[in-house]
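Chain by chain, the residues run as shown.
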Amino acid sequence: MPKVPRVRSPSPRATPYTKCPKPVRDAIRKGRGATPYKMDVACLVTSSHTKRTVHPYIREDVETAKRVPLQVWVRAALGLPEDQFVEWVRHIADNDWYKDEVIEEALIAFARASVETERYEPFAKLGNRIFELAKEELPGVDSFPISDIEMIRNDPVHLNRTPEDDVLGAKRKPDLLVVRGSKIRTLRSTKSMAFDWTDVLLFLEMKREKPLVETLLAWRKTQGLPGLDPRTLLPLGSTQPMKSGAAKKSAAAPIPTRTLRPRPPTKPPVKSKRELDSDDESVSDGDSTGPKKQRIIGSELVTMDAKLQAGGYALEIASCTYGTRLFSTGVVLEDDRTSLWYYDAAGVVRTQETLSLFGDFEKVAAILVAFACCEPSQWGSLPPSIVIPPSSAPYPKHFPPKNLKGHTLEMRLPITKEKVLITLGKPIFTQYNLVGRRTFLYEIKTDSKTLTKPMVAKFSYQVTTRKAEQKLLRRAKKAGVKHLPEVHMWKDFWKLSEGARAIFHEHDKDDQYEDRVFRGLVYTQYFPLKELFSKSCELIPRMVDQMLDCLHDLRYKAKILHRDISCNNIMYEMRGTEVNFILIDYDWATIVDDEGHPIGAIGRSKHRTGTLPFMAFDLVEDMAYQNEPGYRPIAHVLRHDYESIYYVAIFCSISYPIMKKSTKAATYRSSVKLWESGPYEAIASVKEKLCRKPSHIKRRLLLPPMCEFLRPYFVRFCRAIRRAYLVADVEDSDDEEDDEEEEDEEDEDVRQGKIRAPRSSHETLGGLLSRDSIKRALAGKARKVYYIKVEEDEEPPVAAETTGDFSDDSYESEDGSMPTQVPKTTGTKGTVRKAAATKSAPAKKAVATKGSTRGKPATVKATGKQIAVAKEPPIKRGNSKVQVVITSKAVKAQSTTTRRGATTRSMTKAR
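All residue numbers refer to position in the chain's written sequence, counted from 1. In keeping with the model being predicted, local features are shown solely for residues with a pLDDT of at least 70 and side-chain atom pairs are shown and tallied solely at 80 or more, while totals for entire chains, interfaces and linings include all residues. By convention in this description, side-chain values take in all heavy atoms of the structure and omit both hydrogens and water.

The protein chain is annotated in an unreviewed UniProt entry as Protein kinase domain-containing protein from Hermanssonia centrifuga.

Here it is as structure tokens:
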């Protein structure tokens, strides 16, 4: 490996706070098998006319979407029986809705569009006209539950972000929306057409990939409609100038009466019966001169870009509506091909068929009418048996609401079984999540005379097979764990399998989807970290210290692993004049065995044990390569929660201090925003720098000026993590065998206790990354490192550890290579060699360990097996202890003795 050049210390004016890092694309190219950022279309969404990344979970969710037949989707999501749907399609076909003057003009304008944006208003006019025709003549449709429902073009206006997101939230602009007409009129009166996500009933996403003129002309010919000039799309022989289409007419103009043209008696229309299945789909190639067909795969019908855009909108609806929506629905149109999408906490469901706007016009029209006929429950509202809206704002007249404030529900006290009426107050928190728990919190008031403390209600969609949170907390409290929340009531309200999911999965009993239950818990009210750290970050070390104790006691007293450490899951309370931090949200927590590994089922989402921005580097990297051949999953263990505490501390110091909005946004997007944006490989590369490169924390991490005093603290935390993994990497490299069968035999020997398991499989790396070792490092009691040059064919040396407090970080070089002074080392055969101290070559380094030198640095050379023995958790050898840490340079030297061509275990073998 070539030597990494040293980086000069920044000048006083070019501080890490004012100097932005290099673009994230450099980090992505570092990743194994990663592609340049601009080429990864699957993780891009359009925002503010630039390409920005969508949450990486969205790609996984839409790629694994369940596919169901069209009529199953319509029955489950829209509540429309199959026989009624067929009747509507027949009525629309018999009455030739496509000949309506407004509809015909809208279809022509839609096909004529030379760019995507020219299709928005014609389609909106088409949809609104269909709504009007349905109320006039469609059987069983006299009015809609939401009487003033309307389709409108939204692009290029961004929807409002929630106050919690402020300048840090995503900016999205769906192409078209279905909303209440009263909301449109209200916004027009204020000269602002920016909707809230709570206003959205349905979103539509379009993609233009080819012109549709030939498709339109071929369809009109089969329907017996008069021919049009291919150039102007005007009737043949017309001398009128070319119209600009329906898009130029005012949206507020009165809708003309329906006008039908007589059908030619000599040529009855030919109805298209085509249903394009995702696994065997064929569409016209657009050439009306011949019968040529083109077979294309399902992924080409709706591009990944369109799916991700729609998934991003569903994510915002789930995250910005404060629990008011159980699910959301969307429509994706790629040219004239239409697919329907359903998003809830259990996953994504889409239609197998893609309908043609022209060839399947009757079905598309019937589906639009079915959307307009939806009750609030079909628009995603919680069942009325769970949450009751206030009498002053009943549904559907006041649906959709901004939040659930004023809504009521019932629970019972666990001991007395007293029924308690709960009234929801101000929303406190909503989780940024599409598939998963979707946690949200509200302040509450109750009619109970025994509950006098301020309380909050937490609601989430929990996997039914996972141990309930209240049971885990009872176990931890009984074991004497501190920093736990106080739970007063709980209730399981409703399962997803009792709703649309029952229909989606009724014909595939073998499809074991992850059912979820809507669960509510009532806590004592605590305060978010933002309130504390927006004033001062001086208590961040105190928070880290208390959370390390809490995680340690959970694991070793109660045998519980939390597995979801994040800034939202740590809160605080005041006990007199002291701040006491509380660890909440045990939805992902699990009971572990003596080795620290989970016991029992953990659900199908085993790779999502945590909140992405705060997940440990190993876990993010594990998700990045989980589809590779020979992949072996990494278990979430205690050291990963310790590492998450490190990220929480950095996040709080960057995101919470008060500063100018523009400065805050720039700082956030240049640092912690990268922890959850883009492909997993990119996030893993960013995390690797944070936990493996102290020089990055020292020179490149952007911190607000008021938090600069924490930089040495973060550097020490980074070093503690880095050194622990360096030892584990060297040991694992030394223990690798050429033959896979021998590896399997060794695994069995480990299970039977015949030999020691590798450090990397230990929950704290054999004690190297334990609570106590981290606390010692953070207190400045780090072990000093000496750097020793090692020849290419030599094994890395081992040094004795010195005692003392080395809180000064000046001894570590910028690139991690070597300092200017190095002690002498003694070879294994009694020869003495001098350690090179030149600046032209990289050096290998080892950490000194306590020995008989009594504080004086002494080094020895040892074989690989001696290194492995020396790196055991402190073992008594006479009156001394031996412990070794080897640097990344030594890792590379040691790994040369392992088998060649073996699949690497991580993104970068020599960290």
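There is more to say after this.
## Details of the sheet that holds strand β13 (residues 408–412)
Note the threshold: Note on pairing: DSSP must find at least two bridges between two strands before they are called paired. Counting from the N terminus, the helices are the DSSP runs of H or I reaching at least four residues and the strands are the DSSP runs of E reaching at least two. All axes are obtained by fitting lines to C-alpha atoms, using only the stretch in contact for helices, and the reported angles, taken between N-to-C directions, cover 0 to 180 degrees. Contacts are residue-level and defined by heavy atoms, with any inter-residue pair within 4.5 Å sufficient.
Pairing is antiparallel in the open sheet, where six strands are placed in the order β13-β14-β15-β16-β18-β17. Two strands bound the open sheet, and with one partner strand each, they are β13 and β17 (487–495). Ignoring which end each strand starts from, the neighbouring axes of this sheet average 35° apart. Taken together, the six bridges between strand β14 (residues 419–430) and strand β15 (residues 440–446) define a ladder with antiparallel strand orientation. Paired with Ile-422 across the bridge in β15 is Thr-446. Its contacts with the sheet put helix α12 (residues 469–478) on β16 (455–463), β17 and β18 (516–524), and the angle it makes with β18 is roughly 45°.

## Overview of the packing of aromatic side chains
For clarity, the cut-off: We call Phe, Tyr and Trp rings a pair once their centres come within 6.5 Å, taking the six-membered ring for Trp, and we label the pair stacked below 30 degrees between planes, edge-to-face above 60, and tilted otherwise. Only Lys NZ and Arg CZ are tested; either one counts as a charge over a ring when it is within 6 Å of the ring centre and within 35 degrees of the ring normal.
Summed over all chains, the structure comprises 29 aromatic pairs. With a centroid separation of 6.1 Å and an interplanar angle of 20°, the aromatic rings of Phe-371 and Trp-379 are classed as stacked. Centroid distance Phe-440 to Tyr-442: 6.0 Å. Interplanar angle 90°. Geometry classified as edge-to-face. Feature note: the residues Phe-614, Tyr-646, Tyr-647, Phe-651, Tyr-656, Trp-675 and Phe-717 constitute an aromatic cluster, connected by ring pairs. Lying over the aromatic face of Tyr-725, Arg-692 brings its terminal NZ or CZ to 3.9 Å of the ring centre.

## Focus: empty space enclosed by the protein
Note the cut-off: Buriedness of a pocket was judged along seven lines, with at least five required to meet protein on both sides within 12 Å; pockets are open sets of points on a 1 Å grid over the protein atoms alone, cavities are sets where a 1.4 Å probe fits but cannot get out, and lining residues have an atom within 4 Å of a point. Grid points are joined across faces, edges and corners, and a volume is the space filled by probe spheres set on the points.
The final tally for this structure, using the stated rule, is eight cavities of 30 Å³ or more. By volume, the largest cavity is sized at about 100 Å³. Val-331, Thr-338, Leu-340, Val-364 and Ile-367 are, among the 14 residues lining the largest cavity, the residues nearest its centre. Put simply, the parts of the chain that give the lining of the largest cavity at least two residues each are β9 (328–334), β10 (337–344) and α11 (361–372). If one sorts the elements of the lining of the largest cavity by residue count, α11 sits on top with four residues.

## Regarding the packing of helix α15 (residues 540–557) against helix α17 (residues 638–655)
Selection criterion: Here the word oblique covers every angle except those under 35 degrees (roughly parallel), over 145 (roughly antiparallel) and from 65 to 115 (roughly perpendicular). A crossing counts as left-handed when the near helix is turned anticlockwise from the far one by less than a right angle, and as right-handed when that turn is clockwise.
For the pair α15 and α17, the least separation of the axes is 10 Å and the interaxial angle reads 160°. Between α15 and α17, the angle falls in the class roughly antiparallel. Here the hand of the crossing between α15 and α17 comes out right-handed. Along its contact with α15, which presents Ile-540, Met-543, Val-544, Met-547, Leu-548, Leu-551, His-552, Arg-555 and Tyr-556, the element α17 presents Leu-638, Asp-641, Tyr-642, Ile-645, Val-648, Ala-649, Cys-652 and Ser-653.

## A short note on the nonpolar core
Across soluble globular proteins, nonpolar side chains have a tendency to be buried as a group. In plain terms, the rule: Only buried residues count toward a nonpolar core, which is a set of Ala, Val, Leu, Ile, Met, Phe, Trp, Tyr and Cys residues joined through side-chain atoms within 4.5 Å. The cut-offs for exposure are 20% and 50% of the maximum accessible area for each residue type, with area from a 1.4 Å probe on protein chains only; residues under the lower value are buried, those over the upper are exposed, and the others partly exposed. By convention here, the domain bounds are inherited from an automatic or database domain assignment.
In this structure, Trp-73 and Phe-123 are the most contacted members of the largest nonpolar core, which totals 102 residues. Formed jointly, this core draws a minimum of three residues from each of two domains, domain 1 (56–229 + 312–379) and domain 2 (404–525). Formed by 86 residues, the second largest nonpolar core is a distinct cluster that contains Cys-537, Met-615, Phe-651 and Val-672.

## Quick notes on the side chain of Ser-381
Condition: Contacts described as polar in this section are N or O atom pairs within 3.5 Å, which, within protein, must combine one atom able to donate a hydrogen with one able to accept it, while residues neighboring in sequence count only if both atoms come from side chains.
Inspection of the secondary structure puts Ser-381 in the loop between α11 and β13. Of note is the side chain of Ser-381, whose polar atom sits 3.3 Å from the backbone nitrogen of Ser-377. With sequence-adjacent residues up to four places away left out, Ser-381 is seen in contact with Thr-324, Leu-326, Pro-376, Tyr-395 and Phe-399.

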